[in-house]
Structure formats: C-alpha cells, structure tokens
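Spelled out from the first residue to the last, the chains are:
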Amino acid sequence: MWSVHPSISCKITIHLSQCETIPLDFVFVIDSSRSIRPNDYEKVKTFIINLLQFFEVGSDATQIGLLQYGSVVQPEFSLNTYTTKTEVEQAVRNMKHLASGTMTGLAIQYTMETAFTEEQGARPKSLHIPRIAMIVTDGRPQDTVEEIAAEAREAGIQIFAIGVGRVDMNTLKTIGSEPHSEHVHLVANFSQIETLISVFQSKLCGAEDTCAVVDHGCQHICANLPDGYECRCRPGYQLTIDNKTCNHCSDSIMDLVFVIDGSKSLGPANFELVKQFVNGIVDSLNISRMGTHVGLLQYSTKVRTEFTLNQYSTARDIKQAVTRMQYMGRGSMTGSALRHMHEFSFSAKEGARPNTPRVSIVFTDGRSQDDVSEWATKAKNSGVTIYTLGVGKAIEQELREIASEPDEKHLYYAEDFEKMGEITKKLKSRICTGTPHEAEMRSHLDFFSKISLTYPLEAMSKRLETLENQLVHK
C-alpha cells in the first residue's frame, strides 16, 4: 500500500507486509560504480530495504547476503552473517559507495564461486532451497558477462537482472534467467526502481509451498521454486523425459565415445562450456573397469584422440583429462572424425569390449567441410548408437544423417550455449534408458554359467550366437 506523507520534498513511504514464502538463499549484487550519483545510491539502498519486508529472515527461513562491486568486488555480508531482518537492514544502511568501475562479470563470478558456497552460509543443494541472485546495474559492464552468467545459471542460481537508465537490454538478457519476461527488468531512472517492488511482491509472495497444494506427480522429490516447482531425483537416478519419473542410471554399462567439434567457429570460451557438458554426462555414468568405459576424440581440420576407451577407469581421471584438453581451433571435418571413430575408437586395440553396447555422442556447432553420411552410416551399421548434439549454426540435415533413428530420441539441438543445460538433462535420461543395465547383463552371464556340460555343442553355439546378437542390437 502506498501512502504520501506531507513534507517539503513530498517523500514517498511504502508500507509493506510480510508474506508467506518458502525459504530462499538470496544474494543482492549491487553496482556501486562511479556513474551512480550519491542520491541514486541511496535509492538503491531504500529499494533493498523495502524488498526485505517480504521475507522472513532467519537461519531456518530466508537468508540474505549482499555484495557490491565497482572495479573490485566488496562483500558486505554473507548468507550466514545475520539472522534477523533488523540486522540486515542496518547493514544495508551502513554501506558506502565505491564509486569506481563496472566489473559485472567479476561480481557474478564471485557470487557463484564464493557467495553461494556452504562456507558462506548457502545451504546444501540436497535441501533443494532455491538460490536467487538479484543484480542491479546502471551501465555497460567493463568485462564479459555472458559466459560466467550462463555458468552461474547452470550451477542452479536463478538470476534477476535489473537495469537502470541506459543499460543495454541485450546485456541484461545475457545475465538474467529465462523466461526473460519474469527475470529481466529495465527502468528509466533510479526514481522508478521502486515501481518494481509490486512486481517482485507477486513473484516472492507467490513462492509458497506449491508442492503441497498441487498434484505434482513427482516420483521422488518435488522442489519448490519461486515461480513454481520442479521434480528432482534421488542420488544415483536421472530424471526422465517426462520430467516427473526417475530412472536408476548409475549401473548402465556401455562403451561411450565422445566426438567433439574443436573448430574455430566454436571459440575458446564455448569450448570450455563443451568440456563442462562432457563432464556433466560423465558424472551421470557408472565409470569403472566392469562398468561404463569412456573415450574421446576432438576434431578440427584433423582428428585427435584425447583418450581411448581403455585409458581411464574412474570418473575423476576422465574429467581431469577432459579439463586438460587443448582447443584445436581450425576447420570442421566431421566426416573424418566419424571415420576415425568407426575405424579406431571402437576397436579392441583401443579398448572396445565384445557384447557391450557401443554409443557415440557427436557434438558440432556448424556445417561440416566434408561428407558425413558415409561414415555415419557405416558406424551405425556396425552397431554403434549415435546421438548428435548441434548448437547454433549446426545444419539439421547433417545432424539427421549422423544420428541414429528415430530422430526424436537421438537428435538434440540448442539455439545457443545457454540452452545446453536442458539438452544435457534430456540426453542423460535418454542414454540411461537406451542401454542395458548391469543386472540385465548379469542375467545373460548367469545363463552361461548354468549351461550343462552335456548340452549339445551345436545347440549351445546357436544359443550363444542368439544372445550375442540380442546384446549388440538391444
């Protein structure tokens, strides 16, 4: 409710009432650059204090952290510093204007790597407490923000981006979470920032225990979000395509070879995101000598085997090898890479095992400079299941020629690297449901051990051949 108190300056005072919200870990990230005038800086502090009125602040309720930034990042207080709203409000009032540069990317990096750590008071991810960052800025960043913001969102941080004045809307969109209509806001000046209070009141007060009042249908865990809910799975399980049920993926067995585009169109920054994508897939697999084996080749103008199927037997070693990969950065010979995968990667010499499902994930961001259909077809005919992931300028027809059938199960496309997170989730689920599991493989091995020595040799050979074919084509 708004009420105007008579004074010379006609000061506006806002009376707000606390609403019922779910617990949040909420960090304000405040631009304190020299372009912000002292009186406008005070308006930002007032905005923060007014927004605090919606929260129940406490160690078992919503925790508030705040950092401001200019040329450097200055943490004011962390999520576990204060346990009452009064303490938080006083700390906001005591903030001093930095009046320096605008290193927004640096501030986002600090938010992700430090502010939302358990050491700084963030509660464990297993508790499914939403992590929210609200960034308020009035100018163009002096550093890059797109990559680090995408990384922060991928890490599970929901970002609200508020721009004031002559801020580029596209820059705000690279920072804020989607949908942008709910997470990105631009106002003309600092006097208008208070108009956003009612907007955030509806968002924050709507963050009630949605899971308790809707028929969510989650098989394992329903997690409340500020704008709704999502289903999640217990450790060792993967969310399936319906986003509700869970599959036990940790005991799937396969020989998996990544075929990664390292062409110059990708760029070094996006190549790092691709490495994160690979490691994300690896995290969901049962990597062991008796479980899943992983190999990887990178291609550009040439093809380079980064590691073979028999080189590493732990997820840790594989992820370290992925992290060490050096970006090639030249042409894009996808056909040559598929030929190498077919002729070498799945050979016994490089660690491919008999009667083990063979899977390849091919990642590309553009048109191949050579033909892809011949060697993709040969690989698929030899029993390799191929999943293709295309990003940006990847050609749909080429992706279809490479991928196994049906397309809807084996072909994935994202318009840009920011959307790779959702694709990764779907791909994990599909790989999990598309390969035999340890128990299934063991049942076939048990059959062999129980064959009687008096079983006719010819009949036994035919039975073994039938079972091998079932495993290869499963």
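Model, not experiment: these values are computed from the prediction.

Brief notes about the overall build of the protein
Summing up its helical and strand segments, the protein has 17 helices and 18 strands in all. A buried classification covers 51% of the 474 residues belonging to the protein. A separation of at least 24 residues holds for 72% of the contacts in the protein among residues at least 6 apart in sequence. For the protein, the exposed area adds up to about 22,400 Å²; of that, 50% sits on carbon and sulfur atoms.

Description of the packing of aromatic side chains
Scanning the entire structure with this criterion turns up six aromatic pairs. Among the aromatic residues, ring-to-ring pairing joins F26, F28 and F55 into one connected group.

A word on the state of the cysteines
Summed over all chains, the structure comprises one disulfide. For C218, the disulfide goes to C231, at an S-S distance of 1.9 Å. Around the S-S axis, the bridge from C218 to C231 shows a dihedral of about -75 degrees and counts as left-handed. Residue C218 is located in the loop between α8 (210–213) and β9 (221–225), and its partner C231 is located in strand β10 (residues 228–232); the two are separated by 13 residues in the primary sequence. With relative accessibility at 11%, the residue C218 sits in the buried group.

Details of the sheet that holds strand β14 (residues 293–299)
Reading across from one edge, β15-β14-β13-β16-β17-β18 is the order of the six strands in this open sheet, with mixed pairing throughout. Edge positions in the sheet fall to β15 (303–307) and β18 (411–414), since each of these pairs with one other strand and no more. For this sheet, the mean inter-axis angle between neighbouring strands, taken without regard to orientation, is 20 degrees. Set on the sheet, helix α11 (residues 334–345) makes contact with β13 (255–261), β14, β15, β16 (358–364) and β17 (384–391); between it and β14 the angle comes to about 150 degrees.

A few points about the sheet that holds strand β6 (residues 131–137)
On the basis of which strands lie adjacent, the open sheet formed by six strands has the order β5-β4-β3-β6-β7-β8 and mixed pairing. Every other strand in the sheet has two partners, leaving β5 (73–77) and β8 (184–187) as the edge strands with one partner each. Direction aside, the axes of adjacent strands within the sheet are offset by 20 degrees on average. Pairing analysis gives four bridges linking strand β7 (residues 157–164) to β8, with the strands arranged parallel.

So, the pattern of salt bridges
Per the counting criterion, the structure on display carries 13 salt bridges. Between R123 and D25 there is a salt bridge, with the nearest N and O atoms lying 2.6 Å from each other. Here the residue R123 occupies a position in the loop between α3 (104–115) and β6, and D25 occupies one in strand β3 (residues 25–31), the gap between them amounting to 98 residues. Relative accessible area serves as the criterion here: at 10%, R123 is assigned to the buried category. Taking the relative accessible area as the measure of exposure, D25 reaches 0% and is therefore buried.

A closer look at the confidence of the model for the protein
Summing up the model confidence of the protein, the mean pLDDT is 83 and the portion of residues at 70 or higher is 82%. Contacts from residues 1–17, a stretch scored under 50 in pLDDT, to residues over four places away or in other chains number 21 contacts.

Digging into the packing of α3 against helix α4 (residues 146–154)
In contact at an axis separation of 9 Å, α3 and α4 are set at 20 degrees when each is read in the N-to-C sense. If you check the angle between α3 and α4, you find them roughly parallel. Crossing of α3 against α4: the hand is left-handed. For the pair α3 and α4, contact is made by G105, I108, Q109 and M112 and by I148, A149, E151 and A152, respectively. A breakdown of the residues in the contact of α3 with α4 according to their chemical character gives five nonpolar, two polar and one charged.

Focus: helix α1 (residues 38–52)
Here α1 contains 15 residues, and its C-alpha end-to-end distance of 22 Å stays within 8% of the 21 Å for a straight helix at 1.5 Å per residue. What α1 keeps buried is the set D40, Y41, V44, K45, F47, I48, I49, N50, L51 and L52.

A look at the side chain of S404
Within the secondary structure layout, S404 lies in the loop between α13 (396–402) and α14 (407–410). Looking at S404, its side chain comes within polar contact range of the main-chain nitrogen of I386, at 2.8 Å. Residues contacting S404, with those up to four places away along its chain left out, are K380, V384, T385, I386 and H410.

Considerations on α4
Buried within α4 we find I148, A149, A150, A152 and R153. Looking at the buried positions of α4, the neighbouring elements they touch are α3, β7 and α5 (169–175). Phi turns positive, to about 100 degrees, at G156, one or two residues after α4.

Description of the side chain of E89
Within the secondary structure layout, E89 lies in helix α2 (residues 85–93). Put simply, E89 is tucked away with no salt bridge, and the nearest opposite charge, on R93, sits 4.2 Å away. Residues within four places of E89 in sequence aside, it is in contact with I49, L52 and Q53.

Comments concerning the environment of A161
Following the sequence through the fold, A161 ends up in strand β7. A relative accessible area of 1% places A161 in the buried class. If we ignore the near neighbours within four places in the chain, the residues touching A161 are I135, L172, I175, G176, H183, V184 and H185.

Some points on the environment of K426
Take K426: it is sitting in helix α15 (residues 420–434). Residue K426 is classed as partly exposed on the basis of its relative accessible area, which comes to 36%. Put simply, K426 and T240 are 186 residues apart on the chain and 7.2 Å apart in space, counted from C-alpha to C-alpha.

Each value, and the rule that gives it
- Residues numbered from 1 in each chain as written.
- Predicted model: local features only at pLDDT ≥ 70, side-chain atom pairs only at ≥ 80, totals over all residues.
- Heavy atoms only, no water.
- Helix = DSSP H or I, 4+ residues; strand = E, 2+ residues; numbered from the N terminus.
- Buried < 20%, exposed > 50% of the residue type's maximum accessible area, 1.4 Å probe, protein only.
- Contact = heavy atoms within 4.5 Å.
- Areas by Shrake-Rupley, 256 points an atom, 1.4 Å probe, with all protein chains shown as cover.
- Phe/Tyr/Trp six-rings, centres within 6.5 Å; stacked < 30°, edge-to-face > 60°.
- Disulfide = S-S within 2.5 Å.
- Pairing = 2+ DSSP bridges.
- Axes fitted to C-alpha atoms, helices over the stretch in contact; angles between N-to-C directions.
- Salt bridge = Lys/Arg side-chain N within 4 Å of Asp/Glu carboxyl O.
- pLDDT = per-residue confidence, 0-100.
- Parallel < 35°, antiparallel > 145°, perpendicular 65-115°, else oblique.
- Left-handed = near helix turned anticlockwise from the far one by under 90°.
- Nonpolar A, V, L, I, M, F, W, Y, C, P; charged D, E, K, R; others polar.
- Expected span 1.5 Å × (residues − 1).
- Polar contact = N/O pair within 3.5 Å; in protein donor to acceptor, adjacent residues only side chain to side chain.
- Lys, Arg positive; Asp, Glu negative; His and termini not counted.

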